[in-house]
Amino acid sequence: MKTVISTDRVAAVELLRKGGLVALPTETVYGLAADALNSIAVAKIFEAKERPRFDPLIVHLPNREWLRRIAELPAGDRQLILKLADKFWPGPFTMVLPKCELVPNIVTAGLDTVAVRLSAHPVFAEIVGELDEPLAAPSANRFGRVSPTTARHVLDELDGRIPLIVDAGPTEYGIESTIVAIRDSKIAILRRGPITHEQLSEFADIVSVTVTQRISAPGQLPSHYMPTTPLRLIDSAEAFPPQTNRRVGLLAWSGASPSPQAFATVRNLSDRGDLREAAANLFCYLRELDALGLDLIVAERVPSRGLGAAIMDRLERASHR
Ligand code: TXA
Ligand code: MG
């Protein structure tokens, strides 16, 4: 199959309507979309990504009215759910809620909950709105790999496996949406992301998620987001000694000046020390460094406040092997 990169939204809607796959930009990362109510279309997502069937997908709604058709809002949690939706939708925010009958089992991997999100990306919103059906869309990478933040990254991942990638330039946030579960009027953060712990704690108590709850979803496994080059976390590149016979790449944050002999190449996450800019650059730089055939990537830790917690989460997973 030939994979085309284009800006043709009409072709995207047509393909989706016929049960095809289309990679679409969202405000977080590019997603690989299919009609969420068409099980055969959704099965193609798992095939193209080589994703295990036990890993559930996020359902992206055309608008707020669709929420009631896809998810149940338990009476005790309804107010909190609607408040969070008012505040963070459309946006990089996903809620795991009890699922409605309408949602095919393949989407939720047989779970009785469904992850729902409403994307703010104008191109995504236009396409899902025109289709007027929810879209199941995981990140448009092969399973276990770094999420794509440009159309070119999607092509590198899925060339020949999908017919169309809709290009809208690099994504704004660069890391995947925050995922929460709402239980007994409390918020459990299942995946850190652009909507931070600090922001969520204004709405309800945040409960910590146990390891067993986390590994019920493979996106939460420690070794997800793996580049092929080994990656090690350090506090500051200044103290990192030159390695004999090893080509080392640096993913920098601190602005410290390392010894010029220490690194074959350097990517600075943000020259002005801005965590938002760092998040937007993270996956792109990881990909670039990974493509250089280095022996090692070292990444400086970023502060774990605000968005930094989500960045550290990705770096820790990438360094886990
Ligand atoms: O920003 C994003 O969320 C992107 C864009 C494309 O929307 N999507 C994304 O999807 O990151 P994916 O499939 O790569 O990650 C979704 C995560 C997976 O770890 C999956 O296991 C988890 O959400 N998930 C989905 N449904 C769930 C459920 N019912 N309960 C718990 N976890 C769930
Ligand atoms: Mg993913």
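Residues numbered from 1 in each chain as written. Chains lettered and ligands numbered in written order. Predicted model: local features only at pLDDT ≥ 70, side-chain atom pairs only at ≥ 80, totals over all residues. Heavy atoms only, no water.

*Asks:* Can you break down the sheet that holds strand β12 (residues 231-234) residue by residue, with the values?
*Replies:* Judged by pairing direction, the sheet is parallel, and its 4 strands sit side by side in the order β12-β15-β13-β14 without closing on themselves. Each having just a single partner strand, β12 and β14 (265-268) make up the two edges of the open sheet. Looking at each pair of strands side by side, their axes are set apart by 20° on average, direction ignored. Bridging between strand β13 (residues 248-252) and β14 involves 4 bridges; their strand directions are parallel. (Pairing = 2+ DSSP bridges. Helix = DSSP H or I, 4+ residues; strand = E, 2+ residues; numbered from the N terminus. Axes fitted to C-alpha atoms, helices over the stretch in contact; angles between N-to-C directions.)

*Asks:* Now, about helix α6 (residues 122-131): what can you tell me, with residues and values included?
*Replies:* Along α6, the residues that are buried comprise Val123, Phe124, Ile127, Val128 and Leu131. One side of α6 carries all its buried residues, which in axial view fall inside an arc of 120°. In this structure, α6 carries Pro122 and Glu130 as exposed residues pointing more than 90 degrees from its buried face. Where the residues of α6 are buried, they touch α1 (9-17), β2 (22-24), β4 (58-60), β7 (135-136) and β8 (164-166). (Buried < 20%, exposed > 50% of the residue type's maximum accessible area, 1.4 Å probe, protein only. Arc of directions from axis to C-beta. Contact = heavy atoms within 4.5 Å.)

*Asks:* Which residues make up the packing of α1 against α6, and what values go with them?
*Replies:* The axes of two packed helices give the description: the angle between them and the distance between them. The geometry of α1 relative to α6 is characterised by a closest axis approach of 10 Å and an angle of 45° between their N-to-C directions. It follows that α1 is oblique to α6 by the angle criterion. In terms of crossing hand, the pair formed by α1 and α6 is right-handed. Note on element contacts: α6 touches α1 through Val123, Glu126, Ile127, Glu130 and Leu131, opposite Arg9, Ala12, Val13, Leu16 and Arg17. (Parallel < 35°, antiparallel > 145°, perpendicular 65-115°, else oblique. Left-handed = near helix turned anticlockwise from the far one by under 90°.)

*Asks:* Before we move on, could you go through the site of ligand 1 and cite the residues and values that matter?
*Replies:* Close to ligand 1 lie 25 residues, the nearest being Thr28, Asp55, His60, Ser177 and Arg191. At 2.7 Å, a side-chain N or O of histidine 60 approaches an oxygen atom of ligand 1. Threonine 113 is positioned such that a nitrogen or oxygen atom in its side chain is 3.0 Å from a nitrogen atom of ligand 1. If ligand 1 stood free it would expose 670 Å²; the protein chains cover 95% of that surface. The set of elements that each furnish at least two residues to the shell around ligand 1 consists of β4 and β6 (113-117). (Near = heavy atom within 4 Å. Polar contact = N/O pair within 3.5 Å; in protein donor to acceptor, adjacent residues only side chain to side chain. Areas by Shrake-Rupley, 256 points an atom, 1.4 Å probe, with all protein chains shown as cover.)

*Asks:* I'd love a proper account of α1, names of residues and values included.
*Replies:* In an α-helix there are 3.6 residues to a turn, and that puts residues three or four apart on one side. Among the residues of α1, Ala12, Val13 and Leu16 are the ones counted as buried. Buried positions in α1, seen along its axis, are confined to an arc of 95° and lie on one side of it. Buried residues along α1 sit in contact with β2, β3 (31-35), α6, β7 and β8. Where α1 begins, the side chain of aspartate 8 points an oxygen toward the backbone nitrogen of valine 10, at a separation of 3.1 Å.

Functional significance is not addressed by these values, which are geometric in nature.
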